[in-house]
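Each chain, written out:
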Amino acid sequence: MIRAHTIRLNPTPEQENLFRQAAGTARFCYNWGLRVIKDALNQGVTVPTHRALRDAFKQIRAVEYPWTFTVGKSAIDGAFVNLGRAVKNFLDSRSGRRKGKRIGFPAFKSRRRGYGSFYVANDRLTVDGHTLTVQKVGALNMTEPLRFVGKILGATIRYQAGWWWISIQVEVDHTPPTHTGPAIGVDLRIKSLAVTSEGEVFENQKYLKRALRTVKRLQRSVSRKVKGSANRQKAILKLAKAHFRVACQRKDVLHKLTTALVQQASLVGIEDLHVAGMLKNHRLAQAIADGAWAELRRQLEYKASAFGSRVVAIGRFVASSKTCNQCGHVNDDVTLVMREWDCPNPMCRVHLDRDLNAARNIRDEALRLARA
Ligand SMILES: [Zn+2]
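Residues numbered from 1 in each chain as written. Predicted model: local features only at pLDDT ≥ 70, side-chain atom pairs only at ≥ 80, totals over all residues. Heavy atoms only, no water.

1. What to know about the overall build of the protein
The secondary structure content of the protein amounts to nine helices and 14 strands. A burial count over the protein gives 39% of its 372 residues as buried. In the protein, of all internal contacts separated by at least 6 residues, the share reaching a separation of at least 24 is 65%. When the accessible area of the protein is evaluated, it comes to approximately 21400 Å², of which 52% is carbon and sulfur surface. Placing the 63 positive and 30 negative side-chain charges of the protein at their respective mean positions leaves the two points 10 Å apart. (Helix = DSSP H or I, 4+ residues; strand = E, 2+ residues; numbered from the N terminus. Buried < 20%, exposed > 50% of the residue type's maximum accessible area, 1.4 Å probe, protein only. Contact = heavy atoms within 4.5 Å. Areas by Shrake-Rupley, 256 points an atom, 1.4 Å probe, with all protein chains shown as cover. Lys, Arg positive; Asp, Glu negative; His and termini not counted. Charge placed at Lys NZ, Arg CZ, Asp CG, Glu CD.)

Here it is in C-alpha cells:
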C-alpha cells in the first residue's frame, strides 16, 4: 500500500537556488516534449512515447542544452513521466477510453504560475529524522520527520505559497484488519458537512468562512497596489498563503470526517453524486465544491483499505430523502428546505429528521448492494 507524506522544508538560500534550477529544468523538459507532441499531432504522425522523447532529449542535451547538467537526472526523467501521463489522459479522453469530463490538450508550463516542482528518484535521496539529503543539493531540514515506515518509492519537491515542500511516497507493509464495526450511511449536506445514519453530524467549520473573508480582503489589497511594484509582489504572496490556508483547512475537515467514518464503520455507504449533472444548480454546485466531494471519496477509499473497511456508493436514483426509512413510503412532497417531515402513510406516521432518514436509507441500500 502506497502512502504519501508532505513535509515543509527549510532549505538554505543556496539550496533554494538549486531547487529553482531543478524545477525550471523540469518545466523546460516538459515544454520541450509537449512541443514535439503538438507538432506530431498537427502533422498527423505517430505521437512519440515519453521514453522516446526522453532519449531524444538526452541525445541533443550535451550540445543544445548543456545547462541542464547542473540538475539531477531524476528531475528530467520525472518531467517526461509527467508529460507521458498528461498526454495519455488527453488521448484516452479524446478516444473515449477515459470516462468523465473531457480533458483538453495539456498546457505548457509557465514560470508565471510559480516555480513548479520536480521529481527525485528514491536512489537520490535519504531521510533520517528531520534531515533530508538530496543528491546535488545536500542535507537540509524537514519541519517534521517522515510519518511512514517502509520503502521510499520517490518524492516530489514543489514550491507553494512561499514555501518549499517535499511529498514522499512510501510503500507501507500493511495487512488490513478485520473490521467489526456496523454499516453506516452518510448523507452529504449543504449546511452541515455530513450526517451519518448513527445521527452524528459533521459541521463545515466556521473558521473556513473567516479565512475566506481574509482572502477577499487580501484580493482587494492586491488590486490596489501598482502593477509590477514590490508592494504588489508582497501582497500577492500574502494572498497565496491565505489561499493555501483555506485549502489546508478544507482538507483537514475532510480528513477528520473520513477517518472517523472508516474507524467506526465496516461498511460506509455514500451517494454516488453525478457531480457534473448537479453543477447546473448553482447553489448546490457551491456546496459540492465546498464539500469537495471528489476529495472526500478519494480519502474514504484509501483509508477504508487501511482500516479493513469498505466503501459502497449507491446510485443517485435512490430517493434517499423522500423515502420513509420505517415503512418505505415515498413522499414526493419533501423539499430541500424541509428539515423534518411526518410520514403520510396512515399505518406509519413516524416523525423523521430529513438528513438522518436519508443517511439510514443510504446505509440500507449500501447493505443491500454489498450483499447482492
Ligand atoms: Zn413511514
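Now that the structure is up, let's keep going.
2. A few points about a positive patch on the surface
Taken together, Lys-216, Arg-217, Arg-220, Arg-224, Lys-234 and Lys-238 make up a surface patch of like positive charges. Only helix 4 (206–224) and helix 5 (230–264) provide two or more residues apiece to the positive patch. A total of four residues in the positive patch trace back to one element, the largest contributor, which is helix 4. Take Lys-238: it is sitting in helix 5. (Patch = residues over 30% accessible without salt bridge, like charges linked within 9 Å, V, L, I, M, F, W, Y side chains within 5 Å. Salt bridge = Lys/Arg side-chain N within 4 Å of Asp/Glu carboxyl O.)

3. Let's talk about the sheet that holds strand 4 (residues 131–134)
Sheet architecture is open: seven strands sit in the order 2-6-7-1-5-4-3, paired in antiparallel fashion. The two strands at the open ends of the sheet, each matched to only one other strand, are strand 2 (117–121) and strand 3 (125–128). For this sheet, the mean inter-axis angle between neighbouring strands, taken without regard to orientation, is 30°. Pairing of strand 2 with strand 6 (residues 151–160), which is carried by five bridges, proceeds in the antiparallel orientation. (Pairing = 2+ DSSP bridges. Axes fitted to C-alpha atoms, helices over the stretch in contact; angles between N-to-C directions.)

4. What to know about unusual backbone geometry
Apart from glycine, the bulk of residues carry a negative phi angle, and the bulk of peptide bonds sit in the trans form. In the Ramachandran plot, Ala-161 falls in the positive-phi region, its phi being about 50° despite a non-glycine side chain. Residue Ala-161 is classed as buried on the basis of its relative accessible area of 10%. Positive phi values are uncommon outside glycine, yet Arg-349 reaches one of about 60°.

5. Quick word on the nonpolar core
Soluble, globular proteins show a tendency: their nonpolar side chains are buried together. Formed by 39 residues in total, the largest nonpolar core has its most connected members in Leu-9, Phe-118, Ile-157, Ile-166 and Ile-168. Per-element tally for this core: the top contributor is helix 1 (residues 13–43), with nine residues. Residues within four places of Ile-168 in sequence aside, it is in contact with Arg-3, Ala-4, His-5, Ile-7, Val-127, Met-142, Leu-146, Ile-152, Gly-154 and Ala-155. Ile-184, Ala-260, Leu-261 and Leu-300 belong to the second largest nonpolar core, which has 19 residues in total. (Core = buried A, V, L, I, M, F, W, Y, C linked by side-chain atoms within 4.5 Å.)

6. Some points on the environment of Lys-216
Along the polypeptide, Lys-216 turns up in helix 4. With 23 residues separating them in the primary sequence, Lys-216 and Leu-239 have C-alpha atoms 8.9 Å apart.

7. Re the coordination of the zinc ion
Binding of the zinc ion to the protein goes through Cys-324 (SG), Cys-327 (SG), Cys-343 (SG) and Cys-348 (SG), at separations of 2.3 to 2.4 Å. The coordination sphere of the zinc ion comprises four donor atoms, whose angles at the metal cover 105 to 112°; the geometry is tetrahedral. Linear spacing of the donor residues for the zinc ion on their chain is C-x2-C-x15-C-x4-C. With Cys-324 in the loop between strand 12 (310–314) and strand 13 (340–342) and Cys-348 in the loop between strand 13 and strand 14 (351–353), this residue pair connects regions lying 24 residues apart in the sequence. Look at Cys-324 and you get buried, because its relative accessible area is 1%. Judged by its relative accessible area of 23%, Cys-348 is partly exposed. (Donors = N, O, S within 2.8 Å, 3.2 Å for Na, K, Ca; no water. Tetrahedral: all angles 85-135°; square planar, octahedral: opposite > 155°, others 65-115°.)

8. Description of the pattern of salt bridges
For the structure shown, the criterion picks out 14 salt bridges. In this structure, Arg-339 engages Asp-355 in a salt bridge whose closest nitrogen and oxygen atoms are separated by 3.0 Å. Pair noted here: Arg-339 is in the loop between strand 12 and strand 13 and Asp-355 is in helix 9 (residues 354–371), with a separation of 16 residues, a long-range link. With a relative accessible area of 4%, Asp-355 lands in the buried category. Salt bridges sharing partners connect three or more residues here, namely Lys-58, Lys-73 and Asp-77.

Nothing here speaks to function; it is all geometry.
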